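In case you want the letters, here they are:
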Amino acid sequence: TNTDSNFIVTFSVTDGALVVNPAELKLTVNDYSEVYDGEAHGDAATTDVTAGTTIEYKVNGGAWTTTKPTITDVGTKTVEVRAINANYETATGSYTLTVSPLEIAVEIIEASKSVTYTGEEYSVNGYEVSKSEDLYDESKVEYKGDASKLTVKGTNVGNYPMNLLGSEFTNTDSNFIVTFSVTDG
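Residues numbered from 1 in each chain as written. Predicted model: local features only at pLDDT ≥ 70, side-chain atom pairs only at ≥ 80, totals over all residues. Heavy atoms only, no water.

(A) How the structure looks around unusual backbone geometry. Look at Asn60: it is not a glycine, yet its phi comes out positive at around 50 degrees. Along the polypeptide, Asn60 turns up in the loop between strand E4 (54–59) and strand E5 (75–84). Despite not being glycine, Asn163 shows a phi value in the positive range, around 60 degrees. Mapped onto the elements, Asn163 comes out in the loop between strand E11 (151–154) and strand E12 (169–171). (Helix = DSSP H or I, 4+ residues; strand = E, 2+ residues; numbered from the N terminus.)

Written out as structure tokens, the structure is:
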């Protein structure tokens, strides 16, 4: 309002405002790379502000989810991550989860038997598995050689070897790299 009659005053008003800009949200991501141990791993993303922050993950180009990805078996997962908080700038990053095969030794122990001559035919068959790692399931050992070698028969005094070879055995569990050796029965 103008209180001086000597002037004609036109007023214009420019609104003032308070602008609060989002703060920076720090996101820390860490790759995971170890050999197989049978456990799930995946604690790889954290933020400096946890209150009100949602962390979302996308694995190998899939859909966004709040479920934290883990890895147990041999392989690699590429993880994109974003941290969202209404008062902060969205933070993004990526990391990888990698599990490599565990190298172990498996000893194949040929079956054996010692008997006294009676004129009868005797036989022994099969083998036992001794492993250097308890995580390994011995049912994952397969014999790929000549099945007739798994049984030896004899009647007369003598030694009847199986002659199994480590190269005749394979591992069917991709979480392990297995070196086979054979101990004669």
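(B) Structural context of the pattern of salt bridges. Summed over all chains, the structure comprises four salt bridges. Measuring nitrogen to oxygen at the nearest pair gives 3.0 Å for the salt bridge that ties Lys144 to Glu142. A relative accessible area of 32% means that Glu142 is categorised as partly exposed. Residues Glu168 and Lys149 are paired through a salt bridge, measuring 2.8 Å at the closest nitrogen-oxygen approach. (Salt bridge = Lys/Arg side-chain N within 4 Å of Asp/Glu carboxyl O. Buried < 20%, exposed > 50% of the residue type's maximum accessible area, 1.4 Å probe, protein only.)

(C) Geometry of the packing of aromatic side chains. Applying the stated rule across the entire model yields five aromatic pairs. For the ring pair Tyr143 and Phe169, a centre distance of 5.1 Å and an interplane angle of 55 degrees mean the geometry is tilted. Remark: Phe169 occurs in strand E12 and Tyr143 occurs in strand E10 (residues 141–143); sequence separation between them is 26 residues. Taken as a pair, Tyr143 and Phe169 share a single burial class, namely buried. An aromatic cluster of three or more residues is present, and its members are Tyr127, Tyr143, Phe169 and Phe180. Above the ring of Trp64, the side-chain terminus of Arg82 is found at 4.0 Å from the ring centroid. (Phe/Tyr/Trp six-rings, centres within 6.5 Å; stacked < 30°, edge-to-face > 60°. Lys NZ or Arg CZ within 6 Å of the ring centre and 35° of its normal.)

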